[in-house]
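The residues making up each chain are set out below.
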Amino acid sequence: SAQALINKGLIDHGWIYMNIDDGWEAGKRNAKGEIVSNNKFPDMKVLGNWLHEHGLKFGIYSSPGPQTCGGYLGSWQHEKQDATTYANWGIDYLKYDWCSYENIA
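None of these values were measured; they are calculated from a predicted model.

With respect to the overall build of the protein chain
Step number 1: Within the protein chain, the regular secondary structure consists of three helices and three strands.
Step number 2: Listing the helices and strands of the protein chain from first to last along the sequence gives α-β-α-β-α-β.
Step number 3: Rg of the C-alpha trace for the protein chain: 14 Å, near the compact-globule value of 13 Å for 105 residues, within the 12% margin.
Step number 4: When the backbone C-alpha atoms are referred to their principal axes, the protein chain occupies close to 45 × 30 × 20 Å.
Step number 5: Looking at the protein chain as a whole, 35% of its 105 residues qualify as buried.
Step number 6: Relative to all contacts within the protein chain whose residues are 6 or more apart in sequence, the contacts with residues 24 or more apart total 65%.

Concerning the nonpolar core
Step number 1: Within the largest apolar cluster, 15 residues are counted, with the highest numbers of intra-cluster contacts made by Trp24, Met44, Ile60, Tyr86 and Trp89.
Step number 2: Where this core is concerned, the elements lending two or more residues are helix H1 (2-7), strand E1 (17-20), helix H2 (44-53), strand E2 (57-62) and helix H3 (79-89).
Step number 3: Excluding residues within four positions of it along the chain, Ile60 makes contact with Ile20, Trp24, Met44, Tyr86, Trp89, Ile91, Tyr93, Leu94 and Lys95.

Details of the environment of Asn49
Step number 1: With respect to the secondary-structure elements, Asn49 resides in helix H2.
Step number 2: Separated by 42 residues in the primary sequence, Asn49 and Ile91 have C-alpha atoms spaced 9.7 Å apart.

Describing the sheet that holds E2
Step number 1: On the basis of which strands lie adjacent, the open sheet formed by three strands has the order E1-E2-E3 and parallel pairing. One side of each edge strand has no neighbouring strand; the edge strands of this open sheet are E1 and strand E3 (93-96). Neighbour-to-neighbour, the strand axes of this sheet turn through a mean angle of 20 degrees, independent of strand direction.
Step number 2: For E1 and E2, the ladder comprises four bridges, and the chain directions are parallel. Counted as the bridge partner of Asn19 is Gly59 from E2.
Step number 3: The strands touched by H2 within the sheet are E1 and E2, with E2 carrying the most contacts at an inclination of about 140 degrees.
Step number 4: Across the face of the sheet, H3 comes into contact with E2 and E3 while running at roughly 155 degrees to E2.

Definitions and limits used
- Residues numbered from 1 in each chain as written.
- Predicted model: local features only at pLDDT ≥ 70, side-chain atom pairs only at ≥ 80, totals over all residues.
- Heavy atoms only, no water.
- Helix = DSSP H or I, 4+ residues; strand = E, 2+ residues; numbered from the N terminus.
- Rg over C-alpha atoms; globule rule 2.2 N^0.38 Å.
- Buried < 20%, exposed > 50% of the residue type's maximum accessible area, 1.4 Å probe, protein only.
- Contact = heavy atoms within 4.5 Å.
- Core = buried A, V, L, I, M, F, W, Y, C linked by side-chain atoms within 4.5 Å.
- Pairing = 2+ DSSP bridges.
- Axes fitted to C-alpha atoms, helices over the stretch in contact; angles between N-to-C directions.

As structure tokens, this is what we get:
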């Protein structure tokens, strides 16, 4: 999708965000408690670097609750840790959905 934005010249008209919605998360966190991506997105840092090198911004989706709308891992009780991970991946935009948090708030 990102390459199509570039090839079609859409980035020259303001289409600069490549946002990954729900479903990128692995089933559980790593041994350090960090959120990790699944095999569809094997290396988010490499992806973020590639997008930035090509003039695009990188967006991602999560939830402040234990699960996202699609039932994947959310940031509940790992908010700062996840923010650090996202920054390390080069995330420019975070879509933070309320799903499953309404049961806590």
